[in-house]
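Listed below, chain by chain, are the residues.
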Amino acid sequence: WEVIDRSSVPAGRSLVRLIWVYKRKRSGSLKARLCVQGCAQIPGVDFEQTFCATMRATSLRTLAALAAKRGLSMRRWDFVAAYLQGDLEDG
């Protein structure tokens, strides 16, 4: 994305609004996210594809191995939706 001047927005169009959402963690620290007002977006006009940065399992294992070898700790793991897209086998 790129920053544009409001005067360069075509007639009949509007900019999609952004908002910072803050959440206070139990430890007292704040977590900040930049959110887009998604309900105002039109597929094919405002966006053509979606993107979610994910890490391959091999990359994660390599990173964990390097951290262990150098005596470093890894602080953030997010598995909230890790199994929503995959096929699970009972076994």
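Residues numbered from 1 in each chain as written. Predicted model: local features only at pLDDT ≥ 70, side-chain atom pairs only at ≥ 80, totals over all residues. Heavy atoms only, no water.

Draft legend 1. Seen up close, the overall build of the protein chain. Regarding its fold elements, the protein chain presents 1 helix and 2 strands. Secondary structure of the protein chain in N-to-C order comes out as β-β-α. Burial analysis of the protein chain (91 residues in total) assigns 1% to the buried set. The long-range share in the protein chain, meaning contacts at least 24 apart out of those at least 6 apart in sequence, stands at 12%. For the protein chain, the accessible surface area stands at approximately 9,600 Å², while carbon and sulfur atoms represent 53% of it. (Helix = DSSP H or I, 4+ residues; strand = E, 2+ residues; numbered from the N terminus. Buried < 20%, exposed > 50% of the residue type's maximum accessible area, 1.4 Å probe, protein only. Contact = heavy atoms within 4.5 Å. Areas by Shrake-Rupley, 256 points an atom, 1.4 Å probe, with all protein chains shown as cover.)

Draft legend 2. Up close: the pairing of strand 1 (residues 18-24). In terms of residue burial, strand 1 counts as a barely covered element, since only 0 of its 7 residues are buried. Here strand 1 pairs with strand 2 (residues 30-36) via 7 bridges, running antiparallel. Following the sheet pairing, Ile-19 is matched in strand 2 by Cys-35. Counting the residues between successive antiparallel strands, the hairpin from strand 1 to strand 2 contains 5 residues, one of them, Gly-28, with a positive phi of roughly 100°. (Pairing = 2+ DSSP bridges.)

Draft legend 3. Here's a closer look at a nonpolar patch on the surface. A cluster of nonpolar side chains, namely Leu-18, Trp-20, Tyr-22, Leu-30, Leu-34 and Val-36, defines an oily patch on the protein surface of about 660 Å² accessible area. Elements that contribute at least two residues to the nonpolar patch include exactly strand 1 and strand 2. Looking at the secondary structure, you find Tyr-22 in strand 1. (Patch = residues over 30% accessible without salt bridge, like charges linked within 9 Å, V, L, I, M, F, W, Y side chains within 5 Å. Salt bridge = Lys/Arg side-chain N within 4 Å of Asp/Glu carboxyl O.)

Draft legend 4. Representation of the environment of Gln-37. Along the chain, the position of Gln-37 falls in the loop between strand 2 and helix 1 (57-69). Residues Gln-37 and Val-16, spaced 21 residues apart in sequence, show a C-alpha to C-alpha distance of 6.5 Å. The contacts of Gln-37, once residues within four sequence positions are left out, are Val-16 and Arg-17.

Draft legend 5. The arrangement of the confidence of the model for the protein chain in detail. Taken over all residues, the pLDDT of the protein chain has a mean of 76, while the share at 70 or more is 69%. Predicted confidence in the protein chain is weakest over strand 2, with a mean pLDDT of 82, and strongest over helix 1, with 88. (pLDDT = per-residue confidence, 0-100.)

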